[in-house]
Structures are given as C-alpha cells and as structure tokens.
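Residue-level listing of the chains:
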Amino acid sequence: MGLKPPKSRRQNLRSQLWFDNPNNPGMTALYLERYLNYGLTKQELTSGKPIIGIAQTGSDLAPCNRHHLALADRVREGIRAAGGIAFEFPVHPLQETGKRPTAALDRNLAYLGLVEILYGYPLDGVVLTTGCDKTTPACLMAAATVNIPAIVLSGGPMLNGWWNGERAGSGTVVWQARANHAAGKIKYSEFIDIVTSSAPSAGHCNTMGTASTMNALAEALGMTLPGCAAIPAPYRERAQIAYETGVRAVEIVHDDLKPTDILTRKAFENAIVACSAIGGSTNAPIHINAIARHVGVKLSIEDWETFGYDVPLLVDMQPAGKYLGEDYYRAGGLPVVMHELLKAGRIHGDANTINGKAMTDNVRRAKVQNSDVIRPYAKPMKKQAGFKVFKGNLFDSAIMKTSVISEEFRQRYLSNPQDPNAFEGRAVVFEGPEDYHRRIESSALKIDENTLLVIRGVGPVGYPGSAEVVNMQPPAALIKKGITALPCIGDGRQSGTSGSPSILNASPEAAAAGGLALLKTGDRIRIDLTKGRADVLLSKAELARRRVSLEKRGGFEYPVSQTPWQEIQRAVVDQLADGMVLKPAVKYHRIAQKGIPRDNH
C-alpha cells in the first residue's frame, strides 16, 4: 500500500500569496521588494517555484548540530536542482551539554518559535535539520502543528571514540569514569581526558542516547529518507543524503505530502517498537508523545508497554551493549532493524513514509552487514527490551528501561525466589541534584545495598524543565565494594546514554502534588516489576495526614523562576507522561490548512 497519487504540479503555492498575488498588488510589492535586496530576482520569486525553508539548528552554541551549517549548502543544491528556492533561517539553539539549567526547558520555546516561522513566512515546505536530543522533537512538533510539507535531515553521530584501545561512547563513558574517579582508581585529569576522548568529530552522541534514538525514531515514523539517521556526521554519505533531502523537499510540496499524511497511529506504533529494538532512550516517550499530541494522534504512556515491552533488543550499542554509531551504520542502521521487525510481524509495513513509499518497500531488501551489531529477531541480545510502566501511590506513572538491567542488578534486586522480580528497600530522599551532591557521601544517611535513592523537585515544574539527574551514583564506599548501581527513583529524567535501570519520568511530579512529595527518608518502598507497581509502604491514613501537612505548608517548595520563560512555561506545562507539552498549544492542529495569516500592513 502506498500514498495517494500526487496532485497536479500547476497548483497554487502558499508563497504565491506573498510574492505573486495580482489581487493585492500593494502588499505583493511590499513583500517582494525587501526580498530582492540581497540578490534574489523578481523572476525567481514570481516563477511559481516552491520556496523551501531550511530550519537551521546548527550554530556555535550547538556543537552537535554545527555541521548543519555546511550541510545546508548541499540541501540548497538539492532544492535548486529540483526547481525550488531555498530560504535558510535559524532555530532557537538546543544543546544538551551546554544549556543550563536544562535544554529540555527550551524544547517548547524552540517549538513555539518554529511554529510562528512556518506559519507566518512565505514557505511552501521545510527541511528540518535535527541532531542533538531536543532538536528532533522540537522540529517535528512544530511541523506537525503547522502541517506544511516537511522532511527531516538528521545530522548523524560522531565517529567512534576510543580510550586505551576500547570504544569510548559519548555520555556512557561519563558514568563509568565517574565511578572510577569516586573509587579512587583515576585522577581528575584522567577523568577529563577519558570523557573528552568520546567526542572525536562533528556530530551528536555516538551512543544510542537520546540523539541517536530520536533521529532513528524520526526515520521509524517515516519522516526521513530511508537510512538517513545512522550515517555518521563526517561521512560523505551524510552530505549526499543532504542533497537528496533537498530534492525530495521540493517533490513533497508538488505532491502535497504533509506531516499528517505520515504521522499516523501506525507510524507511532512503529516508533515504539523500533525504540525497544534499538535499546532507545527513556526520553523517547516524552518526545514521541508530544509529537503525537501536536498532530492529533492519541498516544498514552501505557502504549509504550503495550506495544514495546516484549520487543527484543536487536542492536548491540552502548549503553545497552558495546558498539557505537559507526559500527551500527556499517551493520545496516535502522533499515535492517525495521526489516527484522517487519519479518517478525511487529511493525505496520503499510505505514506511509516521506519518500512516497510504504515502510515495507523501504526496508524489505535491507540486509544486515554485521550480525554481532544488529542481531536477528530470533537471536536477540535480550528477549524483552521495552519500557516497563509503573503505577502506585508514589505517582500515576513512571517508566523503567529494561534493556539496561544488568545481570548484577537483576541478581541483587530481582532474584529472590520468595519474591521474584520484586524488591523492597529503605528510601533516602534528595531535594534536587545539589542536595544529592552535598549529602551522598554522608555516613549519617546509612546508605547500603538495600537503599533506594529518591530524587524529587526535578520535573517540568520543579526544576524547571525536568533534569537528567535520576541516575544517581552510590556513595564511594559502596562503589569500592563493587556495588556500582543502586535502585533510583525520581520525577525527572536521565540521560539516554546512561545504563542505569532507574524508575524515572514520574508523573505527576512532586511540584505538581505527586506522591513523591509525601515521601520521607526512612520510608520503605516496594517495587514489583511483574505487577508494575511502585508503592511506599504506608497506610492511606498516614499518606492523607502527610498531604494535609504539605498543603498547610503551601505545597511542595521549589526554586523561584529565574527568567520570564521559566515562569511562563511553569504556568502551562504538562507532565512528562503526557509529553511535557504546553497545554494551551495542543489544540492547534493543521494550522496551514485553516487559512493564511493576515497581511502585515
């Protein structure tokens, strides 16, 4: 099954209402004259050629995406070769490792800005340049809202990092180096050298962190050309597919192929399944659910367990495995993964994609080039690799990434024959990362291997923006004994490069009166993976008393807003389970089909 036949190429273009509208000569002249002042000609702008935006996420502030500044030249050449005109413009920068307090705070800000650009300027289609974590969802959320023809161009991962002959994966190497530093095995200078070795070239994380995950899922959704996501940033194929993306951007305008034609319920189910198979980031449900809400497709956090929990892990890539981005690309990338899933009947092969073909047509001939890196469906790394969704009196929902549950963790916490797949422990509660770093080494906390570390006040409202801090390292004394991971729970997020099986993204958060706000150090918590439950072992009466006390104190305390945007977002942001979207924004669908903006003079 494919797409509907393309419409006539003589259709009126959206940009013609700016540049070639005889019914409104005064405004047409006004729009035209200023766009001629840097060398464009009247003949070009009135030729009926599609005007294609290049949404530029690269800048000096966004090193993971900076090479898009050069890739845009190849996109331009593709657009021109296909008979279009390119208009490049900046997108609000989103750099995971640079923006404080968190890049997640600005995902919605970048989304809002891009919505206004796509709607308010003379663009017939757009190439969305993506890479670093939040750039992909921000761009797709905006394209879904406005609904003009759009195509994603991923920037691609860095080359493999190496340290002492071993692969050093971006982000993932940080957590091991931190543990070694805490245990006294390495000095500060070596710690820095190890971490920086993992970033050897242009590109985003070379691990299956949130960047690689979200670009893979853009491809699984059908919004990129086949094979786009995994190409390393410095490879020639990256510039080649940039050109091909520019060509296709013009074609989808002529075909009137819009995000709503691609981002269907089937596409989102495909993305969930693909996320499990690649060992994707726990940030994926937040962003994918947000995209779904902005395109008007119903998707819940429970769907991630329903469709993805029992999907096997096929990709051996850090943090769930040992390989990195170059190895994954050379093994065949996402098309091979989707091919295996298609053969197993796990994805919708008839889902539409941006190249005008069904998913089946794009992946049926994909062949694995290295079965150590991408495993056959029948011989996976793990038989169940999806997210487990938890409920209980601590929150309405939270998730755990099961593909990173190590054998050591499973033996210590999930292998009691009298209580299989479950454990109980004493909680130690931290009020944000500053409190954690200040007190984690305190002997007064009496942290042992049966302790559950809890962090709160780090969600969309509390932090603000939600912070990647839930994967808390044990105190040095335990690390020296070989206990490198304790169970962690929090109302924030953790890096997609982390191999910690934390229970995170808890919704509602403590700052929104969630159950974590009632927790005290010393309380006992029970976790049951079989039942999907996470509960503090207190009576309803005690929890009710604590809630009354909390309300008398004015609710859960969190830091004051430091900028106007922090205050604005806090007032209207939704919880992580529901995509952390701006609640007033989700009612706006298919904006471009509901009329053109009013004239500006």
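From a predicted model like this one, the values you see are computed outputs, not experimental measurements. (Residues numbered from 1 in each chain as written. Predicted model: local features only at pLDDT ≥ 70, side-chain atom pairs only at ≥ 80, totals over all residues. Heavy atoms only, no water.)

K.L.:
Whenever I open this one, the overall build of the chain confuses me. Can you help?
P.N.:
A tally of regular secondary structure across the chain gives 22 helices and 14 strands. Taken over the C-alpha trace, the chain has a radius of gyration of 24 Å; the compact-globule value for 601 residues is 25 Å, and the two agree within 12%. Viewed in the frame of its principal axes, the chain has a C-alpha envelope of about 75 × 55 × 50 Å. In the chain, which comprises 601 residues, the share counted as buried stands at 60%. Within the chain, contacts between residues at least 6 apart in sequence are counted, and of these 77% link residues at least 24 apart. Carbon and sulfur atoms provide 51% of the accessible area of the chain, an area that totals close to 24,000 Å². Considering the chain, the positive charge centre built from 70 side chains and the negative charge centre built from 58 side chains are found 2 Å apart. (Helix = DSSP H or I, 4+ residues; strand = E, 2+ residues; numbered from the N terminus. Rg over C-alpha atoms; globule rule 2.2 N^0.38 Å. Buried < 20%, exposed > 50% of the residue type's maximum accessible area, 1.4 Å probe, protein only. Contact = heavy atoms within 4.5 Å. Areas by Shrake-Rupley, 256 points an atom, 1.4 Å probe, with all protein chains shown as cover. Lys, Arg positive; Asp, Glu negative; His and termini not counted. Charge placed at Lys NZ, Arg CZ, Asp CG, Glu CD.)

K.L.:
How should I be thinking about helix H4 (residues 68-81) in this particular structure?
P.N.:
Taking 1.5 Å per residue as the helical rise, H4 with its 14 residues ought to reach 20 Å, and the 19 Å between its terminal C-alpha atoms agrees with that figure. Inspection of H4 places His68, Leu71, Ala72, Val75, Gly78 and Ile79 among the buried residues, and these make up the whole buried set. One face of H4 carries all of its buried residues, which in axial projection span an arc of 115°. With respect to the buried face of H4, the exposed residues turned more than 90 degrees away are Arg80 and Ala81. Structurally, H4 contributes buried residues whose contacts are with strand S1 (51-56), strand S2 (85-90), strand S3 (125-130), strand S4 (150-154) and helix H10 (236-255). Immediately downstream of H4, the backbone of Gly83 shows phi near 95°, a positive value. (Expected span 1.5 Å × (residues − 1). Arc of directions from axis to C-beta.)

K.L.:
Looking at this structure, I do not really get the packing of aromatic side chains. What am I missing?
P.N.:
The geometry of an aromatic ring pair is captured by two quantities: the separation of the ring centres and the angle between the planes. This structure, assessed with the given rule, holds eight aromatic pairs. Ring geometry for Phe19 against Tyr35: centres 5.5 Å apart, planes inclined by 75°, an arrangement best described as edge-to-face. A residue pair is termed long-range when its members are at least 10 positions apart, and Phe19 in helix H1 (residues 16-19) and Tyr35 in helix H2 (residues 25-35) qualify at 16 residues. When its relative accessible area of 1% is taken as the criterion, Phe19 is described as buried. Seen in terms of ring centroids, Tyr35 and Phe87 are 5.6 Å apart; in terms of plane orientation they differ by 20°. Their pairing is stacked. With Tyr35 in helix H2 and Phe87 in strand S2, this residue pair connects regions lying 52 residues apart in the sequence. (Phe/Tyr/Trp six-rings, centres within 6.5 Å; stacked < 30°, edge-to-face > 60°.)

K.L.:
How do you make sense of the pairing of strand S12 (residues 503-507) when you look at a structure like this?
P.N.:
Two faces make up the sheet, and in a regular strand the side chains alternate between them. S12 sits mainly inside the fold: five of its five residues count as buried. Sheet topology note: the strand S8 (residues 395-401)/S12 ladder contains three bridges and is antiparallel. Paired with Ile399 across the two strands is Leu504, which belongs to S12. (Pairing = 2+ DSSP bridges.)

K.L.:
Explanation requested: unusual backbone geometry in the structure shown.
P.N.:
Across the junction of Arg100 and Pro101, the peptide omega takes the value 5°, indicating a cis bond. Within the secondary structure layout, Pro101 lies in the loop between S2 and helix H5 (104-120). Of note, the bond from Gln318 into Pro319 is cis; its omega dihedral lies within 30 degrees of zero at 10°. Residue position: Pro319 is located in the loop between helix H14 (301-308) and helix H15 (325-331). At Asn164, a residue that is not glycine, the phi angle is positive and equals roughly 55°. For Asn164, the position within the fold is in the loop between strand S5 (162-163) and strand S6 (166-167). Note on Asn164: relative accessible area 66%, which makes it exposed. At Ser466, a position not held by glycine, the phi torsion is positive, near 75°.

K.L.:
Just to check I follow, could you spell out the packing of helix H9 (residues 210-221) against helix H13 (residues 284-295) for this structure?
P.N.:
Any two packed helices are characterised by how steeply their axes cross, that is the angle between the axes, and by the distance between the axes. H13 packs onto H9 with a crossing angle of 35° between their chain directions and a minimal axis gap of 10 Å. Taken as a pair, H9 and H13 cross one another with a handedness that is right-handed. Contacts between H9 and H13 pair Thr210, Thr213, Met214, Leu217 and Leu221 from the former with Ala284, His287 and Ile288 from the latter. Along the lines of polarity and charge, the residues of the contact of H9 with H13 split into five nonpolar, three polar and no charged. (Axes fitted to C-alpha atoms, helices over the stretch in contact; angles between N-to-C directions. Left-handed = near helix turned anticlockwise from the far one by under 90°. Nonpolar A, V, L, I, M, F, W, Y, C, P; charged D, E, K, R; others polar.)

K.L.:
Mind showing me how you'd approach the confidence of the model for the chain here?
P.N.:
Do not read the fine detail of predicted coordinates wherever pLDDT is low. Put simply, the chain has an average pLDDT of 96, and 98% of its residues get 70 or more. Taken as a whole, residues 1-10 scores under 50 in pLDDT and shows 15 contacts with residues more than four places along the chain or in a different chain. (pLDDT = per-residue confidence, 0-100.)

K.L.:
Looking at this model, I keep getting lost on the sheet that holds S3. Mind explaining?
P.N.:
Two strands in a sheet stick together by hydrogen bonds in their backbones, pointing the same way (parallel) or opposite ways (antiparallel). The sheet built from four strands is open, its strands ordered S2-S1-S3-S4 with parallel pairing. The open sheet has two edge strands with one neighbour each: S2 and S4. Mean inter-strand twist for the sheet, computed between neighbouring axes without regard to direction, equals 25°. As defined by bridge partners, S1 adjoins S3 across four bridges and the pair is classed as parallel. Bridge pairing links Ile54 to Val127 in S3. Taken strand by strand, H10 contacts S1, S3 and S4, and its axis lies near 175° from that of S4.

K.L.:
So what exactly am I meant to see when it comes to the nonpolar core here?
P.N.:
As a rule of thumb, soluble globular proteins bury nonpolar side chains together. Formed by 117 residues in total, the largest nonpolar core has its most connected members in Leu128, Phe268, Tyr328 and Val337. The element that contributes the greatest number of residues to this core is helix H12 (residues 265-278), accounting for nine residues. Excluding anything up to four places from it in sequence, Leu128 contacts Ala55, Leu114, Cys139, Leu140, Ala143, Ala150, Ile151, Val152 and Leu153. Phe390, Ala511, Ile527 and Val573 belong to the second largest nonpolar core, which has 56 residues in total. (Core = buried A, V, L, I, M, F, W, Y, C linked by side-chain atoms within 4.5 Å.)

K.L.:
Whenever I open this one, the side chain of Asn362 confuses me. Can you help?
P.N.:
If you trace the backbone, Asn362 turns up in helix H17 (residues 359-363). Residue classification places Asn362 among the buried residues on the basis of a relative accessible area of 17%. Among the polar contacts made by the side chain of Asn362, one reaches the side chain of Asn355 at a distance of 2.8 Å. Residue contacts for Asn362: discarding those within four places in its chain leaves Pro226, Thr353, Asn355 and Lys357. (Polar contact = N/O pair within 3.5 Å; in protein donor to acceptor, adjacent residues only side chain to side chain.)

K.L.:
Teacher, can you tell me more about the pattern of salt bridges here?
P.N.:
Charged atoms that come close allow side chains of opposite charge to pair. All chains considered together, the criterion is met by 34 salt bridges. Close ionic contact of Asp106 with Lys99 constitutes a salt bridge, the shortest N to O distance being 3.8 Å. Since its relative accessible area comes to 28%, Lys99 is described here as partly exposed. Of the charged contacts, one joins Arg439 and Asp435 as a salt bridge, the two residues approaching to 2.7 Å between their closest N and O atoms. Residue Arg439 and its partner Asp435 are located together in helix H19 (residues 433-439), separated by four residues, close to a single helical turn. Since its relative accessible area comes to 7%, Asp435 is described here as buried. (Salt bridge = Lys/Arg side-chain N within 4 Å of Asp/Glu carboxyl O.)

K.L.:
Is there a simple way to think about the packing of H5 against helix H6 (residues 135-146) in this case?
P.N.:
At a closest axis distance of 8 Å, the pairing of H5 and H6 adopts a crossing angle of 40°. Considered as vectors, H5 and H6 are oriented oblique to each other. For H5 against H6, the interelement crossing comes out right-handed. In this structure, H5 uses Arg107, Asn108, Ala110, Tyr111, Leu114, Val115, Leu118 and Tyr119 to contact H6, whose residues at the interface are Pro137, Ala138, Cys139, Met141, Ala142, Ala143, Thr145 and Val146. (Parallel < 35°, antiparallel > 145°, perpendicular 65-115°, else oblique.)

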